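Coordinate inspection notes
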Amino acid sequence: MHFILSRKGFDSSAGRAPSPIIDGRPVSLPIPRSDYSMTTYEHVGLGDLVESVTKGRIARNDLCHDDPMFSDGNCWFGQIGGEQTHLMKNGVTAGDVFLFFGLFKSELSGEVHHRIYGYLRPDLIGPPTEIIQSPVWVPPPRPHPHLDAKWSNNTMYFGKGCLARRASETLRLTKPTATASKWHVPEWLTRFGLRARFKS
């Protein structure tokens, strides 16, 4: 089994701010992007929040890249180009696990850190035109930017997945009091051989 750490959401370049933690729950803000998107921040219920986090620099009616998308215990995720080639060359297949992480700002201390906020274990992997023919395919709740896109090597991943319900310390990647890029590996991941690869 592969575990793939996949960075998503706002950061210092995409969105130019960390995503917030609201009432103890990490809320990953999707990056602003207009190509192949019909979804605004208002459509996904994040209009007030994105305007607050960016101080109005990004507006509620701006388009966003709503990916990965979560609903009812399922996740829809797209990859393209070199990123998808890298996954394919490393043998990523159905049953592997994507761990989505991002840059977040602590609710009380304001500390900026990386944390895992969601996961996907795909049952289907392939071009959108192929996987939507599968009997286990479930249509997403909103238009997904990768379903009709013409990007090179466009690939959809679909399967079981969900978002973290709280900002647990077991899902935090950044070391306590360290800069965001200084990581420790959670104990529950070390048995898969990640300690030597990711420790600072």
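Below, the structure is looked at part by part. (Residues numbered from 1 in each chain as written. Predicted model: local features only at pLDDT ≥ 70, side-chain atom pairs only at ≥ 80, totals over all residues. Heavy atoms only, no water.)

1. Quick look at the pattern of salt bridges
As enumerated under the stated definition, the model contains seven salt bridges in all. Its salt-bridge partner being R60, residue E51 comes within 3.3 Å of it at the nearest N-O pair. By relative accessible area, E51 is classed as partly exposed at 26%. What emerges from the salt-bridge pattern is a single network uniting E42, D48, E51 and R60. (Salt bridge = Lys/Arg side-chain N within 4 Å of Asp/Glu carboxyl O. Buried < 20%, exposed > 50% of the residue type's maximum accessible area, 1.4 Å probe, protein only.)

2. Considering the packing of aromatic side chains
For the coordinates displayed, the defined rule picks out twelve aromatic pairs. Considering the side-chain rings of Y36 and W151, the 4.8 Å spacing of their centres and the 75° angle between planes classify their relative orientation as edge-to-face. Highlighted residues: Y36 in the loop between β3 (25-26) and α1 (47-53) and W151 in the loop between α3 (128-131) and β8 (155-163), separated in sequence by 115 residues. When its relative accessible area of 14% is taken as the criterion, W151 is described as buried. A ring pair is formed by F100 and Y117, whose centres lie 6.5 Å apart and whose planes are at 35°; its orientation type is tilted. You can see F100 sitting in strand β6 (residues 97-105) and its partner Y117 sitting in strand β7 (residues 112-126), a full 17 residues away along the chain. A relative accessible area of 0% places F100 in the buried class. Taken together, F70, F77, F98, F100, F104, Y117 and Y157 form an aromatic cluster joined through their ring pairs. (Phe/Tyr/Trp six-rings, centres within 6.5 Å; stacked < 30°, edge-to-face > 60°. Helix = DSSP H or I, 4+ residues; strand = E, 2+ residues; numbered from the N terminus.)

3. Section: the nonpolar core
Core analysis: the biggest nonpolar cluster contains 13 residues, and F77, L87, V92, F98, F100, L120 and Y157 have the highest contact counts within it. Breaking this core down by element, the ones donating at least two residues are β5 (74-79), β6 and β7. With three residues, β6 is the single largest residue contributor to this core. Counting nine residues, the second largest nonpolar core, distinct from the first, contains V27, L29, Y41 and I58. (Core = buried A, V, L, I, M, F, W, Y, C linked by side-chain atoms within 4.5 Å.)

4. Section: a positive patch on the surface
Judged by side-chain charge, R16, K55, R57 and K105 come together as a positively charged surface patch. Its place among the elements puts K105 in strand β6. (Patch = residues over 30% accessible without salt bridge, like charges linked within 9 Å, V, L, I, M, F, W, Y side chains within 5 Å. Areas by Shrake-Rupley, 256 points an atom, 1.4 Å probe, with all protein chains shown as cover. Lys, Arg positive; Asp, Glu negative; His and termini not counted. Charge placed at Lys NZ, Arg CZ, Asp CG, Glu CD.)

5. A word on the pairing of β6
Side-chain positions along a regular strand alternate between the two faces of the sheet. Buried residues dominate β6, accounting for eight of its nine residues. Two elements, strand β1 (residues 3-7) and β6, share five bridges in a ladder whose sense is parallel. Bridge pairing in β6 places S6 opposite F100. As paired strands, strand β2 (residues 19-22) and β6 are joined by two bridges and run parallel to one another. Looking at the pairing, S19 lines up with F104 of β6. By the bridge criterion, eight bridges tie β6 to β7 in an arrangement that is antiparallel. Directly across from L99, in β7, lies its bridge partner Y119. Where β6 folds back on β7, the antiparallel hairpin that results is connected by six residues, among which G110 adopts a positive phi of roughly 80°. (Pairing = 2+ DSSP bridges.)

6. Observations concerning the side chain of T54
Looking at the secondary structure, you find T54 in the loop between α1 and β4 (69-71). A relative accessible area of 5% places T54 in the buried class. Within the structure, T54 has its side chain in polar contact with the backbone oxygen of V50 (distance 2.7 Å). (Polar contact = N/O pair within 3.5 Å; in protein donor to acceptor, adjacent residues only side chain to side chain.)

7. Here we look at the side chain of D67
Looking at the secondary structure, you find D67 in the loop between α1 and β4. In this structure the side chain of D67 is engaged in a polar contact, spanning 3.1 Å, whose partner is the backbone nitrogen of G78. If we skip the residues at most four places from it in the chain, D67 touches K8, W76, F77, G78, H144, P145 and H146. (Contact = heavy atoms within 4.5 Å.)

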